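The lines below spell out each chain.
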Number of protein chains: 2
Amino acid sequence: MAASTLAQVAQLAGVSPATASRVLNGSARIPGPEVAERVRSAANELGYVANAQAQSLARSSTGLIGLVVHDIADPYFSTLARGVQDYARGAGKMVLLASTNGTPSEEREAVAAFAARRAEAIIIAGSRSTQAQDQQANKELASEIQRYCRFGGSVAMVGATFPSLAEMPEVRVLKVPNFDQARELAQSLLRIGYTSFRIVAGPQGLVTSDHRVAGFHDALAQSGISSARVSRVEFSREGGYEAGLSIAAELQDQPSPSATGTECIFAVNDVMAMGVIAGLLERGVRVPDDVGVAGFDDVETLRDFRPSLTTAQLPLELMGAQAVALALGSIEDDPLRSVVGHVMLRGSTRSSETEQAT
Amino acid sequence: MAASTLAQVAQLAGVSPATASRVLNGSARIPGPEVAERVRSAANELGYVANAQAQSLARSSTGLIGLVVHDIADPYFSTLARGVQDYARGAGKMVLLASTNGTPSEEREAVAAFAARRAEAIIIAGSRSTQAQDQQANKELASEIQRYCRFGGSVAMVGATFPSLAEMPEVRVLKVPNFDQARELAQSLLRIGYTSFRIVAGPQGLVTSDHRVAGFHDALAQSGISSARVSRVEFSREGGYEAGLSIAAELQDQPSPSATGTECIFAVNDVMAMGVIAGLLERGVRVPDDVGVAGFDDVETLRDFRPSLTTAQLPLELMGAQAVALALGSIEDDPLRSVVGHVMLRGSTRSSETEQAT
DNA sequence: CTGTTAGCGCCTTCAC
DNA sequence: GTGAAGGCGCTAACAG
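Residues numbered from 1 in each chain as written. Chains lettered and ligands numbered in written order. Predicted model: local features only at pLDDT ≥ 70, side-chain atom pairs only at ≥ 80, totals over all residues. Heavy atoms only, no water.

A. Region of the structure containing the environment of A:Asp270. Mapping A:Asp270 onto the fold places it in helix α12 (residues 270-282). Within polar-contact distance, the side chain of A:Asp270 engages the side chain of A:Thr311 at 2.7 Å. (Helix = DSSP H or I, 4+ residues; strand = E, 2+ residues; numbered from the N terminus. Polar contact = N/O pair within 3.5 Å; in protein donor to acceptor, adjacent residues only side chain to side chain.)

Here it is in structure tokens:
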């Protein structure tokens, strides 16, 4: 670990450390053109690599950005991470990654670790949970964040926040149109002829899931439909799969199969929708012939899935970039601005033709 | 940015910084039980968070692990990243992420940045390129790595390395059975009755792609088949898609459609295979009825894809963990050990039934 | 068991 | 333009 130091370089070049420092990272004072060369070649000869830790300490600024996600292997988060990473590099920062499995306590640890490393900003992505069992951990997370902010750190959260955080003005939040897009998605589905709905949601209390459910319900209510059965399952492919299996069973037991083709299942995210479809297919229920399925997010890796998934698109990568910009203060925290999404009607729901025929 | 310091805590507690340090992170010397409490409450009161930068400097060890991947949004890398992250956390380390778009020069920058931050280990994933245009950048990457190693850093590469690096004994490499698994995959495909093959590969010179192609060819040659057409396209979904389109055209122009069902396309990774299938379908070629398709990697997000993809499974997450362990020296660098993969025959290739019928 | 003294490697006034 | 101090926050010998 005996990396060479600035002092060594300076000595080899026959100058003071101060001068060496000035040429090796361009300060205001411009060193002599010929001296500079000497220093540079000395540095090169010794294979000198500035110690960023020491630099950070000295100038008290680390160039580090912390990213907290539930699961980096999940396409939602990994796409977001790409946006974060790209933007960060553009701004000359490095990103520290923490994948927390979604537990608030691990998130707290991650924030604490980032704070210890004096990250300049922390991006927290992934849905909050308002479940009773998480209250305590949430509080602790909140106070960890608060402490971090109090000492000059800035944090941006992607999407919904939770009560304890709601009153923290230091925390920027990148608003994600979960409610609105779910609402629009429902409206689109109604427009193409669906008259009956089921919702496959995550556990109650998971904010993102709840907002999407609420938005969807809102649109239905507006159309006079009040009865969308909601299945609460794990917020994952597995959860969707199980929901798919049991819905298939229900559908097949149904005395009146008259509803065939007019019922649609809304899974609150694409990965769950995948599971739902897999479960349905496993039981012989066809999509979209027997029942339609819609997701949320528009995950790119699933683009070629058949039937292609009707979903609400979110600009994941852009969101990552914006979150960093927000935290860094590169863009203003305009309370009105929100990420913009788009409803994508595709093959997993009945086609427009069917609509016209209906 | 005025985080409180150890000195402040010490003062408030009425002890020396040394003592404060001892209680706040448990050194060998165990401070007095009652003094400890004073320090702890002082720290708590001030919201003290140790400055990891300063700690690293003082004890010259950072607890940082650098991960460089081509594209963190690609499921191959994000799954690997999960493994890296999990293992790292278990070992009490943090991971620094760099997503480089696969260009050697950006990889070099990433390694340099990690070296500057004094990361204890660097994991480099993603295929090398031996193309002429990359030679220079490769060399620079190699020397960057060399320098890093010379000063005590340890690096692990996942999968194939490249010439300039081959002679660097300091670099551990996690051997990935690209050749062998491609070979086994081909054998399995032959066994279920395919007699004619096409390969959709990445650009020539991309080591991973080349190895997979070579392994596949090897098995074919052993069975007396020497003519597998190889399409060279981009190493991505888009590349696969274009290959799919043109293969579809060729297949349809083919005077003798007798081969229907006995030809199989091997795409060198799952994401490309997705693209291939999409291209084929777009032109009305059915999979696996008209032609079989196989991929490589067994990406989890694509598990529910229909037809389910025949592929060679790689334990991506485990690989990430092993790479870290290897770099950290937690496991020996056994030149014989290799990651173990499995051929997964699934719906995108003809079923065994068809085989028996043939 | 606790306090003192030196640095870790670098940056940054401040004089020259 | 260049060098000489002092300090960033913490740890690690040393003494007591």
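On we go.
B. View of the domain arrangement of chain A. Residues and elements named next belong to chain A. Domain annotation of chain A identifies domain 1 (6-57), domain 2 (61-174) and domain 3 (178-313 + 341-354). One C-alpha centre belongs to domain 2, the other to domain 3; they are set 30 Å apart. Across the contact, 10 residues belong to domain 2 and 12 residues belong to domain 3. Of the roughly 840 Å² buried where domain 2 meets domain 3, counting both sides, 60% is carbon and sulfur surface. Across the domain 2-domain 3 interface, the total number found is four residue pairs in polar contact (both at pLDDT 80 or more). Partitioning the side of domain 2 that touches domain 3 into residue classes produces three nonpolar, five polar and two charged. (Domains from an automatic or database assignment. Contact = heavy atoms within 4.5 Å. Buried area = accessible area lost by both parts, 1.4 Å probe. Nonpolar A, V, L, I, M, F, W, Y, C, P; charged D, E, K, R; others polar.)

C. Seen up close, helix α4 (residues 52-59) of chain B. Listing the buried residues of α4(B) in full gives B:Ala52, B:Gln53 and B:Ser56. Summarising the axial view, the buried residues of α4(B) lie within an arc of 105°, below the 170-degree limit, and thus occupy one face. Among the exposed residues of α4(B), those oriented more than 90 degrees off its buried face are B:Ala58 and B:Arg59. Against the buried residues of α4(B) lie α4 (52-59), β1 (64-69) and α6 (104-116) of chain A. If you check the start of α4(B), you find a side-chain oxygen 2.8 Å away from the backbone N of B:Gln53, and it comes from B:Asn51. Immediately downstream of α4(B), the backbone of B:Ser60 shows phi near 35°, a positive value. (Buried < 20%, exposed > 50% of the residue type's maximum accessible area, 1.4 Å probe, protein only. Arc of directions from axis to C-beta.)

D. Main features of the protein's contact with DNA strand C. Within the structure, DNA strand C sits among 24 residues, and A:Leu6, A:Ser21, A:Tyr48, B:Arg22 and B:Gly32 are positioned closest to it. Taking the atoms of DNA strand C that fall within 4 Å of the protein, sugar and phosphate contribute 70% of them. Within the side chain of A:Tyr48, a nitrogen or oxygen atom sits 2.6 Å from a phosphate oxygen of DNA strand C. At 2.8 Å from a phosphate oxygen of DNA strand C is found a side-chain nitrogen or oxygen belonging to A:Gln55. When contributions to the surface near DNA strand C are tallied by element, the ones reaching two or more residues are α2 (17-25) and α4 of chain A together with α2 (17-25) and α4 of chain B. Sort the elements by how many residues they give to the surface near DNA strand C and α4(A) lands first, with four residues. Of the residues belonging to the surface near DNA strand C, the class tally is 13 nonpolar, eight polar and three charged. (Near = heavy atom within 4 Å.)

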